[in-house]
Amino acid sequence: MSLAASPSATPAASAWRTQLVILVLAAAAILLLFRRDLGDLLTLWWTSTTYGHCLFILPVVAWLVWIRRQELAPLIPTAWWPGLALVLAGGAGWLVGEAAGVAAARHFGLLITLEGAVVTILGPHVARALLFPLAYAFFAIPFGEWLEPPLQQVTVRIVMPLLHFAGVPAAADGVLIHAGPYYFEVAEACSGSKFVLSMLAFATLVANTCFRSPRRRAVFLAISLVLPVLANGVRAFGTIYAAQLVGLQAATGFDHIVYGWLFFALVMAVVMAVGWRWFDRAPDDPAFDPKSLAAPSSHVLAAPLAALLVVATTAVFPAWASALGARSQALPATIDLPDVPGWTRAPLDTRAPWQPFYPSADHQVIGRYVDPQGKAVDLAVAVFTHQEEGKEIVSYGTGVLREGDRWVRIADLSPIDGAAVVRITAPAGDGKPVERVVATWYRVGGIVTSQPAIVKFATLKARLLGGEPGAVALHLSAVKAPGSDPAAAIARFRASLGRIDDATAAVMH
């Protein structure tokens, strides 16, 4: 950052040069301590289609600071030790994410730690002057995966009436749409979540830069969030309708080009056109009044000491995490499936094979059981000695479905004895679709649950406070056949298997 200063402002300019050098060194030390998380963020920014917009956030933050340089120049940056509270908060958040295996918490913790360094080394008055750029930097953190399932359902609900209005015979089964001769999946990538997240970042920037009125900002943000959702539904309808006219391959290929290069730009242009006439702030208006921001008169300290305290405080948390991660569960050399009363072992299904995906598990085993009536249920178990980054029982692309799997989630079903139950489908060897129902339980820290959020909490508790460091995933699965209810077969097998708590504990000892 370059700050112009008149001769009378020499003390301020000199202070800026000194404090900025110290801040850069402290930030470099923090990034070195959290280099793994920095690498994860860079990889996500560069490779993820959902979070590609994050790549542009930091340049925008730099621009926001740059356009404030004239107002910042008269301020004298002053190190302020209460800013260490923000460093502690960021480090604690990172530690929670590390212990629970939640990447977003680690990434947010890293950013908060860096912003705590800004407050500590430059002072609260400078932080107030940079409040919006500092807040806007949070858009650089990938978040919002939880938006995908509800947006998938919204997209289906928009598409179906449009197809019926256009005269296309269509039926929906969860996220699958049977329209004409084709099946379409409203997958996570088609949910519009990446569009909504990108628009939220863009609209927030425009709302701050072009509006003064809080009410106008709120209305603009609301329109900017609703319009992309509606537009994504229309885009999905257009793809399905085009497939009826020109064929599936041509329609989907054109959709990727339009969505990737033209559609987002068009909706942004519409949003800007809608809000243009109500803009009430010029982009070059002063962002703040420097006269209203006085340097702190108490709790100040030398900048080098402030930087040293920031780095030392930050370093405590990776050291703590290393100590926590040393514990592992002692497991038997092999894992065997149990004998289940009333059920006998049988070969696995070869027509539509399936098994859960846990590439980092220490043990995995799957087997098929058949009752006297010929009803079959698959039992799959994955066991972990401990969890850490890259070795998590609950993470994206693991479990019932892997990323790019030929199996597709159709819908969630009612729980079975506390298990999360999902219906999935895939083409079999003869080309006909096959459906499965899969029930899932997890055992983490001695707690049996089906909820990923509780899994993360139990992992956090076990790592921070002690408990079983190991984890178990147990899946029961049955194929849908004419005249059969796979969920009922799973429920009967579960009753014969006994308590899930006992079954999951048995494989760990």
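Let us look at the structure shown here. (Residues numbered from 1 in each chain as written. Predicted model: local features only at pLDDT ≥ 70, side-chain atom pairs only at ≥ 80, totals over all residues. Heavy atoms only, no water.)

Some points on helix H9 (residues 148-165)
Defined as follows: By definition, any uninterrupted DSSP run of H or I lasting at least four residues is a helix, any uninterrupted run of E lasting at least two residues is a strand, and each is numbered from the N terminus. How far a helix is expected to stretch is found by multiplying one less than its residue total by 1.5 Å.
Taking 1.5 Å of rise per residue, the 18 residues of H9 would be expected to cover 26 Å, and the 26 Å separating its terminal C-alpha atoms lies within 8% of that figure. Just beyond H9, the residue with positive phi is Gly-167, at close to 85°.

Description of unusual backbone geometry
In plain terms, the rule: Burial classification: accessible surface area is computed with a 1.4 Å probe over protein chains only, and a residue below 20% of its type maximum counts as buried, one above 50% as exposed, and the rest as partly exposed.
Despite not being glycine, His-299 shows a phi value in the positive range, around 60°. For His-299, the position within the fold is in the loop between helix H12 (248-276) and helix H13 (303-324). By relative accessible area, which is 41% here, His-299 ends up partly exposed.

So, the pattern of salt bridges
The cut-off we apply is this: The rule for a salt bridge is simple: a side-chain nitrogen of Lys or Arg has to be within 4 Å of a carboxyl oxygen of Asp or Glu.
With the rule as written, the count across this model stands at 16 salt bridges. The partner of Glu-98 in a salt bridge is Arg-36, with the nearest N and O atoms 2.6 Å apart. Taken together, the residues Glu-98 in helix H5 (residues 84-100) and Arg-36 in helix H2 (residues 35-47) connect sequence positions 62 residues apart. We note a salt bridge from Arg-499 to Asp-501, for which the minimum N-O separation is 3.5 Å. Residue classification places Asp-501 among the partly exposed positions, given a relative accessible area of 27%.

Here we look at the side chain of Thr-440
The line we're drawing: For the purposes of these results, a polar contact is taken to be a pair of N or O atoms within 3.5 Å, where, inside protein, one atom must be able to donate a hydrogen and its partner to accept one; residues adjacent in sequence count only when each atom of the pair is a side-chain atom. What makes two residues a contact is simply this: any of their non-hydrogen atoms within 4.5 Å.
The topology assignment puts Thr-440 in strand E9 (residues 433-444). A distance of 2.9 Å separates a polar atom in the side chain of Thr-440 from a polar atom in the side chain of His-475. With near-sequence residues (within four places) excluded, Thr-440 lies in contact with Val-400, Ala-419, Ala-420, Ser-450, Leu-474 and His-475.

Re the sheet that holds strand E3 (residues 182-185)
Filter applied, for reference: Pairs of strands are assigned from DSSP output, requiring at least two bridges between the strands. Angles here are taken between N-to-C directions and fall from 0 to 180 degrees, while the axes themselves are lines fitted to C-alpha atoms, restricted in helices to the stretch in contact.
In space, the 3 strands of this open sheet follow the order E1-E2-E3, with antiparallel pairing throughout. A single partner strand is all that each edge strand has here, and the edge strands are strand E1 (170-173) and E3. Neighbour to neighbour, the strand axes of the sheet diverge by 20° on average, direction disregarded. Sheet analysis places E1 next to strand E2 (residues 176-179), joined by 4 bridges and oriented antiparallel. Within the sheet, the bridge partner assigned to Asp-173 lies in E2 and is Leu-176. Sheet strands in contact with H9 are E1 and E2, and its direction is about 165° off that of E1.

Structural measurements only, silent on function.
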